[in-house]
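# Chains, contacts and geometry: an overview
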Amino acid sequence: MSFDGAIVEPTVLVLADKSAGDWSTVTLELLGDAELLANKVGWTVKVMVFAAPGAVRDEDARKLAAHGAKEVHVWEHEKFGPVLVPAQYTHTLRSYLDESMPRLILCPSTPLWVEGVAAAVAPYGALVASDCVSVKLNVRSDLELVRNYWNQKTHATWTFSGQRPWVVCLHPGVAGVGRPNPALSAPVERHQAIVLEENVETLEWFPPHPSRLDLVEAERVVAGGRGIGGPEGFAELTQLAELLHAAVGASRVAVDLGWIPYSRQVGQTGKTVRPRLYMAFGISGASQHLDGMRDAETVVAVNLDKEAAIFSVAELGLVGDARAVIEELVRLLKPSERAEGARAGAAAALSNV
Amino acid sequence: MALRIVLALFTLVLAITMLGLLIVRMRPILRAMASARQVVRWDQPLYRIRSTAAQVFGHKRLLRQRLSGILHLFIFSGFVVLLLDIIETIGQLVYPEFSIGPVLGFLVDCFVLLVLAGVVLALYQRKVLHPKRFEGSDEKDGELILGMITLIVVGIAIHNSFFRLLEHPVFGMTTSADGHFLSYLLDPLWVRLGWGTPMAASIGYSVGYALDIGTILWFLAYLPTSKHLHVFFGAPAVFFRKLGTPGRFLPTATEVHSSGDSGISATRDMTVQPIQSFADMTWRDVLDLFTCTECGRCQDVCPAHQAGQPLSPKMLILDLRDALVQQTRGVESSVVRSLSLAGDVISAETLWSCTTCGACQEACPVFIEHVPKIVGLRAALVERGEVEERPQEVLEHWGEERNAYGKMPETRPAWRNRVTYHFKDLRRESAEWLWFVGDVASFDNDLGVARSVDAIATLLGGAGLDVGLLYDWEGSSGNDVLRMGEYGLFEQLATENMRAMERAQFERVLTSDPHSFNALRNDYPQLGFKKPIYHYSQVLQQLMTEGKVAPTHSLGIRATFHDPCYLGRWNQVFEAPRDILRRCGVDIVEMPRSFANSFCCGAGGGRMWMNEAGMKERPSEARIREALELPGVTHFVVSCPKDMVMYSAAVTALGCQDRLSVVDVGELVLESTGWQFARTSAS
Amino acid sequence: MKVLVCVRSDLPAPMARVDNIQRLMEEWSAEWAGVLEPSCRSALQLAKDLSGPSGGFTALSYGRGECRAALEVARAYGAVDAVHLQSAEGSLRHDGNTIARALAAWVGERSFDVVVCGNSSGVGPVPALVAGHLGWPVVTRVDGFKKFLPQDDSFRAIELTQRLDAGWKRQVLARYPVVLSVQSGFIPPQYVSVRRRKEAVHGLASNVTECELPVWTDGHAPAVLQALTPPKPRTKRTAVPDAKSSAADRLKSLMGPAATKKVEKPKEDEGPRVVEGSAVELAEELLRFLRKKEFLSNS
């Protein structure tokens, strides 16, 4: 439990997230913040990636460099794809920290990273802060960070000091991605990771499916109503959901019509959801429905009726045939199928194990 | 002589056996009642007697269904006449010259025919019309009883007619005019058949006697396991019914304390208990189970049943009765013992289907109280924690924020920013009236609800009424909470509201929400609340009478009015809203189901926030269809914010917004006054 | 199986405003009824299910007076022991790092098989930190458990389903001792009625074990709370130079990544926008919007 007093190196370690095909936005946001800090006090920005062999190509690493990474360490293992599990990278992370302890670790504030990193760094006595909005060094070289509190109703400013490593988990989407500099490059080191889950053994994997994704938990929801025209509309909507990594929801009318089961209903007599993105297709926005989704962060609505109530809560309202727009979106998003295919293939490989 | 002795012995033996059986079979039922919880129902004895007579002899409720009512009246009157026949028949056995006289004798025969007509009608109803309400009833039992009744009255005719043939030859009497006119018709038949001899007539008399008296005794012994136990229990059930406003759920002080030591403490503890087992039921509840006649009138009017949900009030009573019978028979294997009433005997889905609209109780000819049982069983589920996800969320909101919507209590009066009328702040100043706004009117974002609240506010302001609000001191009245079976939470909400109302200075309460109206009018007084409470339609009616709200032009529309369950059926307020509509020049066309028979919108008892999966048709949509049938009706008038929410959604779902608009009484009154609804510049 | 569940009290969600929270940080006022933090409800249900109908479990909470609320609900769920962990360090309530150390220190001296913690939105570090301090495995985001294996001494374990990233799930076999974390809504919880809650309050009156933790003297610099402020969105970096910024700034921005001049969000981004057009145009507009909002990567 104690920290053995290893030397803390003047580095910022960024844990990069590539689980959704490309680098997640928050990875680039982290790099931006890391670079800002590093420039101020002369630290080095190192990036650590856990990926299946071959999943991180050199051009991917270059992109990290363009956003400020000075060293890229790729740890490869079959088990790091198609889905990364917190407990499966902690051993690798610990063995890396044993050798070189960074001053600061930056990672996305998502369940995948917070719980995995916290478990890994606890024995070193690290100070961890999750759900952070911003981070900087103050005049005394203490770390000053602003955190979301109570469902983002309040911001709390904390300071970290002392000799232990600091871990800051940044809330996705708050920092913004800066302009890349393609001229920059960074050495890429590839290592063979060791996955060691002590006392926990995986028995079975269950790949995701939009119609099984928990609506309440989902970060993104695509929902359909009467305007999408029938069960076939929901089949297409499910496809779109898959492409956007979203869960499928529905209005009461669609459930009434038997197009989709009750468990997918959003509204007064259904589920209450608070996703970051809510996309309503062919939903007019009866108060019944609005009740269940008004706390969504960003609402997009597509409806034929210009006067539909849903537009009053939508940040972006599109007047048009919902079904046609869904089809068009699926077509436009499909080309980036390559990565999807790889994931599906890996999933298949995994389920064969 | 020998004949009389044989018959007397037969009667004696049969009577002892059958009456013995009757006692043996009745005892467990009576014992179950004795071990049940007490509730005192002796208040207003004279009124009870009067109304029982009207129900029993006048068939007041039964006659609401014409055919069934009439045929039951026929058969029932036969039972009364039966007594005369028994007296005569047994009397003749002892002393052959005994007679009830020609007039009564004539009456007996008239009723023999009436009963037979009743039986024929009953069979016609059961076999030909076959109403849906009999689904699930024990029809064999019904038919067996009809058969018994036929045997009895046929027996009467037979033994009376043979008696005349025996009078002279066997009993040595002179033939008297006993008034049994059927005998005059039958005797020639017997004689022609060659059964006029003393020997044959003796046999015929004995057969008739056995059919009559024998079947009656058999009937008595059979009763305890039959729906016909209502012969015994019907009248007591009517007599010991809950008096006063039907909407009261909590027992009154007199119901709880027989000695009348009530009213000592300002607030009493709530005396309702969840129904975990039969011991938690009141004796009245147990009586209900055995009084049920399986007529199915409750099932016929139940909105949940019509929507295709698993609830049938009739089957609920019968399932409970069967479970109790099993227990009393000692079939208490460990399996039976481990079954819980709420959940196993009656499924949770069934219990949560109920909208607590009370249509079943209103329809029941023997005044069975279904809703308190359902609520009591729900309470057992609640105490065990078995509440669906969505209603659970709502219960928690009630507990934490004192409103169903999970909004900050401070935002409760936010709606008043929309209107210019300045409501007094009863937390600081005094006013004549308190407007208890209720959850739905305060928080729901339905546009119709906002319109109606604004209209009422404008009317009250325009009439110069001295009205104040409790602001964030107001919490949900808990009417639905109580009926969801969360007794503790109701107590908490009611106590807090009553404390706030004690601190505030006002004389009377008006509310725009029938559910709050019901709780404040009927249940709060049981906890010590004393102020008078009015529905806003009653207040508007008064203001119009006083001329403070004066319609300046006739609206000239055809509309139908929907009676909210908690205003109409539960609180008997039917006229006020209709009266003010008429004064505004509204031509009211009644729906087939109106007044006390109004059909629920489906939102009550917490249903507003529950899973609707598995519904064939929402009650609200069925109701809108009913209104659409009315010729020329363009407006569907409501007087309850929940109705507004439900029916606005139903009209949208049915896509008939162009044909029927859902409006609040207040909106129409405002329109007819020509007053402008003044929005504040702030909004 | 010996189960410990860690629960905490919270402000009712609608009351969570800066002023209330500030006051709360200073001193828990008795006028506020704390409520159980929602994910702890799932944790309690899991603890109850794990320990079975006959077995009881222990509930632990920390903080000041408000922890009663959590312990009451725990009691109503069937916790047989209720522990209140106190510390001379005032930060025991707010700072996850200190809380985790304290919990681990307390658990380490006892012999629990399973420690269940709630994790409100999956981004609380406490359960994982506790596991890390104890050197136990942690199974995060548990949403169910299946069966117990034969409980002989050599191999004692439970089978759990765990939610992973992007809708993946897996079934795992975890040996004791283990820390489990669960998010709100993952385990459908039972309702606790007001009457049951009141009974629990009654039962709790004399039944809370108060545990005082020593002040650490290992030179561990704690996190320090400086201020609580109303939430203010951070100004975002953008990849595109803003038309409204000065020419110098734009030039700097174009010159490279070092020029991470933060720019105000353009005004026209605020407020709703309604667009009409053909399906193709609308779809493209939508994708543009998603990219701008960074729901889709810009590549």
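Preceding this section is the structure that the text describes.
Summarised in this report is the structure supplied together with it.

Calculation rules
Starting afresh in each chain, residues are numbered from 1 along the sequence in its written order. Both sets of labels track the order of writing: A upward for chains, 1 upward for ligands. Confidence filtering applies because this is a predicted model: local features only for residues at pLDDT of at least 70, side-chain atom pairs given and counted only at 80 or more, and all residues used for totals across whole chains, interfaces and linings. Remark: hydrogens and water are excluded; side-chain values derive from all non-hydrogen atoms of the structure. The helix count covers DSSP runs of H or I at least four residues long, the strand count covers runs of E at least two residues long, and both are numbered beginning at the N terminus. In this analysis, two residues are considered to be in contact whenever any of their non-hydrogen atoms come within 4.5 Å of each other. What sets the accessible areas is the Shrake-Rupley method with a 1.4 Å probe; for residues, cover comes only from the shown protein chains. Here Asp and Glu are counted as negative and Lys and Arg as positive; His is not counted, and neither are the chain ends. A charged residue contributes its charge at one atom only: NZ of Lys, CZ of Arg, CG of Asp or CD of Glu. Values labelled buried area give the accessible surface lost by two parts on being combined, using a 1.4 Å probe and summing over both. For this document, the term salt bridge refers to a Lys or Arg side-chain nitrogen within 4 Å of an Asp or Glu carboxyl oxygen. Under this definition, polar contacts are N or O atom pairs within 3.5 Å; protein pairs additionally need one hydrogen-donor-capable and one acceptor-capable atom, and for neighbouring residues in sequence, both atoms have to be side-chain atoms. Just so you know the grouping, Ala, Val, Leu, Ile, Met, Phe, Trp, Tyr, Cys and Pro go in nonpolar, Asp, Glu, Lys and Arg go in charged, and all remaining residues, Gly too, go in polar. Lines fitted to C-alpha atoms define the axes, with helix axes restricted to the stretch in contact, and inter-axis angles between N-to-C directions lie between 0 and 180 degrees. In what follows, roughly perpendicular refers to angles from 65 to 115 degrees, roughly parallel to angles under 35, roughly antiparallel to angles over 145, and oblique to any angle outside these ranges. For a crossing to be left-handed, the near helix must be turned anticlockwise from the far one by less than a right angle; the clockwise case is right-handed. When DSSP finds at least two bridges between two strands, those strands are taken to pair. Each residue is placed in one exposure class: buried if its accessible area under a 1.4 Å probe, protein chains only, is under 20% of its type's maximum, exposed if it is over 50%, and partly exposed if it falls in between.

When helices and strands are tallied, chain B shows 28 helices and nine strands. Its C-alpha atoms put chain B at 105 × 60 × 45 Å along the principal axes. Long-range pairs, those at least 24 residues apart, make up 82% of the contacts in chain B with a sequence separation of at least 6. Counting only carbon and sulfur atoms, one obtains 60% of the accessible surface of chain B, whose full area is about 26,400 Å². Across chain B, the mean location of the 65 positive side-chain charges is 2 Å away from that of the 72 negative side-chain charges.

Let us now look at the interface of chain B and chain A. Counting residues at the interface gives 19 residues for chain B, matched by 13 residues for chain A. With both sides pooled, the region where chain B packs onto chain A buries about 1,300 Å², and carbon together with sulfur makes up 37% of that total. Inspection of the chain B/chain A interface yields two salt bridges. Its salt-bridge partner being Asp 256 of chain A, residue Arg 618 of chain B comes within 2.5 Å of it at the nearest N-O pair. Our count for the chain B to chain A interface comes out at seven residue pairs in polar contact (both at pLDDT 80 or more). Counting only elements with at least two residues in the side of chain B that touches chain A, the list comes to helix 18 (389-401) and helix 27 (641-654) of chain B. With four residues, the top contributor of residues to the side of chain B that touches chain A is helix 27 of chain B. A per-class count over the side of chain B that touches chain A returns eight nonpolar, three polar and eight charged.

Their axes nearest at 7 Å, the elements helix 4 (residues 111-121) of chain A and helix 5 (residues 126-134) of chain C cross at an angle of 25°. It follows from the interaxial angle that helix 4 of chain A and helix 5 of chain C lie roughly parallel. Between helix 4 of chain A and helix 5 of chain C the crossing geometry is right-handed. Contacts from Glu 115, Ala 118 and Ala 119 of chain A in helix 4 of chain A reach Pro 127, Ala 128, Leu 129 and Gly 132 of chain C in helix 5 of chain C. Of the residues in the contact of helix 4 of chain A with helix 5 of chain C, the class split is five nonpolar, one polar and one charged.

Turning to the sheet that holds strand 14 (residues 298-303) of chain A, a few remarks are in order. The strand order 12(A)-11(A)-13(A)-14(A)-15(A)-14(C) describes an open sheet built from six strands, whose pairing is parallel. Only two strands of the sheet have a single neighbouring strand rather than two, namely strand 12 (247-250) of chain A together with strand 14 (273-276) of chain C. Here the strands of the sheet are splayed against their neighbours by 20° on average, with no regard to which way each runs. Note: strand 11 (residues 220-224) of chain A against strand 12 of chain A, four bridges, orientation parallel. Opposite Val 221 of chain A, over in strand 12 of chain A, you have Ala 247 of chain A as the bridge partner. Helix-sheet contacts for helix 8 (residues 279-292) of chain C involve strand 13 (277-281), strand 14 and strand 15 (316-319) of chain A together with strand 14 of chain C, and the interaxial angle to strand 15 of chain A is about 170°.

Residues and elements named next belong to chain A. When you tally the buried positions in strand 8 (residues 166-170), you get five out of five residues, the bulk of the element. Residues Trp 166, Val 168 and Leu 170 point to one face of strand 8 and Val 167 and Cys 169 to the other, with burial holding for every one of them. Taken together, the five bridges between strand 4 (residues 101-108) and strand 8 define a ladder with parallel strand orientation. Paired with Leu 106 across the bridge in strand 8 is Val 168. In the sheet, strand 5 (residues 127-137) pairs with strand 8 via four bridges, with the strands oriented parallel. Bridge pairing in strand 8 links Val 128 to Val 167.

Moving on to the interface of chain A and chain C. Contacts between the two partners involve 103 residues from chain A and, on the opposite side, 98 residues from chain C. Interface area for chain A against chain C, summed over the two sides, is near 8,500 Å², with a carbon-plus-sulfur share of 61%. A per-residue breakdown of the area chain A buries against chain C is headed by Glu 115, Trp 150 and Arg 179 of chain A, which together make up 9% of the total. The partner of Lys 306 of chain A in a salt bridge is Glu 276 of chain C, with the nearest N and O atoms 3.0 Å apart. Summed over the shared surface of chain A and chain C, the number is 32 residue pairs in polar contact (both at pLDDT 80 or more). Where strand 10 (residues 200-206) of chain A and strand 10 (residues 169-175) of chain C come together, six bridges link them in antiparallel fashion. Its bridge partner lying in strand 10 of chain C, Phe 206 of chain A is registered against Lys 169 of chain C.

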